[in-house]
Structures are given as structure tokens and as C-alpha cells.
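# Remarks on the overall topology
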Amino acid sequence: MKQHLAATAFSLSLAAEPVLADEKTYPLATSPVTIEDMRTVSPAFAKYTEVSVIGGLWKRPGLSPRDRSVITVAALIARNQPVELPFHLNLALDNGVTPAELSEIITHLAFYSGWANATSAVAVAKDVFAARGIGQDQLPEASPALLPIDGKKDAPRQATVEQTVAPTSPGVAEYTNGLLFQDVWLRPGLNPRDRSLITVTSLITNGQIAQATYHLNRAMDNGLKATEASEMLTQLAFYAGWPNVFSAVPIVKDVINKRSS
């Protein structure tokens, strides 16, 4: 029954008030695009949405529904695409992503996709949270006790930033080695694996693959499996576009091969 209702909800950003897995409805601030809307403009797009995305992609093994939601929400925020975000925030919550984790995803992506994109996500998430009765007591503290840092392991990354970035922009180096890696990355509201997963998602989604090797290795150090990295690319083909994924495939292949050799 729960799977059936989730599938009904997923019939796209897809009903003005989607039925979610807990059998409640959460009215959206703006009416989403429905399958019928798609058919009036592009019957082929409607067909591929129903058959390939709803009926295929989201049912594939290799990633949990929760991970698919984490990746999809991160991709929508990274690309600043708010039309489907209300639906996918609701779906993420139904798939086991907590309000605290969604809050941290938005915070983290402010640094990796830009402040304006995170602000756009806040404008959507606040209505979703309000509709579901999610209050401040379910959100992370602004300044929690941070996770411990492995100074020895982090030293090479910090030295690289000092050598390659600081001579050109001391400010960027300062915020990177201080605020970003000694604060944001150590926030406990999102586990290190998921923090790495959304970072890699953001980089691939926006075609910014220069740092993908480092962050995919970090993701796998943090527990992401090679099979999950592979399926992440499949999910992103639909939500970030084939060209961005094809650009990332050689990097993912190289990382996986080097780690397995």
C-alpha cells in the first residue's frame, strides 16, 4: 500500500495536492506541472516521464529511494530549478530524509552552488515545512558541536589550497581552509557520506568537474560504494542532463578503477 501511494504521489510533480506515503496531503504553494499538462505540450515527454522516469529510473536497484531523493533534491537546488522542488522535498521526507538533513543540504549547497540557489530553495522549503508542521525543534542548531577533524589527513588538502589558491586570492583560501572545511564539513546534521554525495552531485550537475576527482574519492572514503557512484550517474542523467553526466563518466571510471587496483 505504501509503495502504491508513493508511486501515485510520484505521478509527477504531478498532482496539485499529491497523496504521499502517509496518506496525508500537503497543498503546494504553486500548482505543479501534471502529466496532463505535459500531454498538452509534448505527448512524448509525458510518455517518457511516466514510463522511463516514474516506471523505470526510480525503481532501479543500486540506490535506496532515500539516496535517489537526496541526489535529486541536491540536483534541483544546484541548478536552481524550483518547479519540481516542492514535490521532491515532500518525496524526500517520505523516503526517510529528515527535516534536519534537508536543512543541512540547503546550507551545504550554498557553498557549492551559490548563496542565491540556496536562498531559492529556502523559499520553497519553508512552505513545505509549514504544510507538514515541521518546526524549529526539528532543525539543526545554527552552531552545533562540530565533528572532530583528522588534522593529519586534512593537511595535504589544506597545503594544496595554500599553495595554489592563496597566492591569487588569500580570501578564498582563508574561507576554504577555515569556514568550509573546518566548520561546514564538520556539522553533524548530515553524515559525511551524504555531505560528499551532494557535493559530487552539485559538481556534476553544474558541469564543474575539475574538483570531482577529489570529492568522489572523499565520498568513497566516507562510505559511498562504487555501485552507488555508478547509479548516481544514472539518476543524474535525467535530472542534470546527459552531457553533464557524459563529461563526468571518465572521472568516475578513473576513480573507481584506481581504487580497485
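Notes on the structure in this doc start here. The model shown is predicted, which means the values in this text are computed figures rather than measured ones.

Cut-off values and rules
- Residues numbered from 1 in each chain as written.
- Predicted model: local features only at pLDDT ≥ 70, side-chain atom pairs only at ≥ 80, totals over all residues.
- Heavy atoms only, no water.
- Patch = residues over 30% accessible without salt bridge, like charges linked within 9 Å, V, L, I, M, F, W, Y side chains within 5 Å.
- Areas by Shrake-Rupley, 256 points an atom, 1.4 Å probe, with all protein chains shown as cover.
- Salt bridge = Lys/Arg side-chain N within 4 Å of Asp/Glu carboxyl O.
- Helix = DSSP H or I, 4+ residues; strand = E, 2+ residues; numbered from the N terminus.
- Buried < 20%, exposed > 50% of the residue type's maximum accessible area, 1.4 Å probe, protein only.
- Axes fitted to C-alpha atoms, helices over the stretch in contact; angles between N-to-C directions.
- Parallel < 35°, antiparallel > 145°, perpendicular 65-115°, else oblique.
- Left-handed = near helix turned anticlockwise from the far one by under 90°.
- Contact = heavy atoms within 4.5 Å.
- Nonpolar A, V, L, I, M, F, W, Y, C, P; charged D, E, K, R; others polar.
- Phe/Tyr/Trp six-rings, centres within 6.5 Å; stacked < 30°, edge-to-face > 60°.
- Lys NZ or Arg CZ within 6 Å of the ring centre and 35° of its normal.

## Concerning a nonpolar patch on the surface
Residues Phe238, Trp242 and Phe246 make up a contiguous nonpolar surface patch of about 350 Å² in total accessible area. Inspection of the secondary structure puts Phe246 in helix H13 (residues 242–260).

## Let's talk about the environment of Gly151
As for its placement among the helices and strands, Gly151 is situated in helix H8 (residues 151–164). Owing to a relative accessible area of 44%, Gly151 belongs among the partly exposed residues under this scheme. As for Gly151 and Gln182, which are separated by 31 residues in sequence, their C-alpha atoms are 9.8 Å apart.

## Here we look at the packing of helix H11 (residues 212–221) against H13
In the contact formed by H11 and H13, the axes pass within 10 Å of each other and the chain directions differ by 45 degrees. In terms of orientation, H11 lies oblique with respect to H13. H11 and H13 meet at a crossing whose hand is right-handed. On the side of H11, the interface is formed by Ala212, Thr213, Leu216, Asn217, Met220 and Asp221, while H13 contributes Ile251, Val252, Val255, Ile256 and Arg259. Its residues placed into classes, the contact of H11 with H13 shows seven nonpolar, two polar and two charged.

## Re the side chain of Glu231
Locating Glu231 in the fold gives a position in helix H12 (residues 226–239). Not counting chain neighbours up to four residues away, the residues in contact with Glu231 comprise Arg60, Pro61, Gly62, Leu63 and Arg68.

## What about the packing of aromatic side chains?
One pass over the full model with this rule turns up five aromatic pairs. Pairing Trp58 with Tyr239 gives two aromatic rings, centres 6.5 Å apart and planes at 90 degrees, and the pair type is edge-to-face. Taken together, the residues Trp58 in the loop between helix H3 (43–54) and helix H4 (65–78) and Tyr239 in helix H12 connect sequence positions 181 residues apart. Owing to a relative accessible area of 11%, Tyr239 belongs among the buried residues under this scheme. Each ring, one from Phe238 and one from Trp242, has its centre 5.1 Å from the other, and the planes form 70 degrees; the classification is edge-to-face. Overall, Trp242 belongs to the partly exposed group, its relative accessible area being 44%. Among the aromatic residues, ring-to-ring pairing joins Tyr112, Phe181 and Trp185 into one connected group. Between Arg157 and the ring centre of Phe181, over which it is positioned, the NZ or CZ distance is 3.9 Å.

From the geometry alone we can't say anything about function, so treat these as descriptive.
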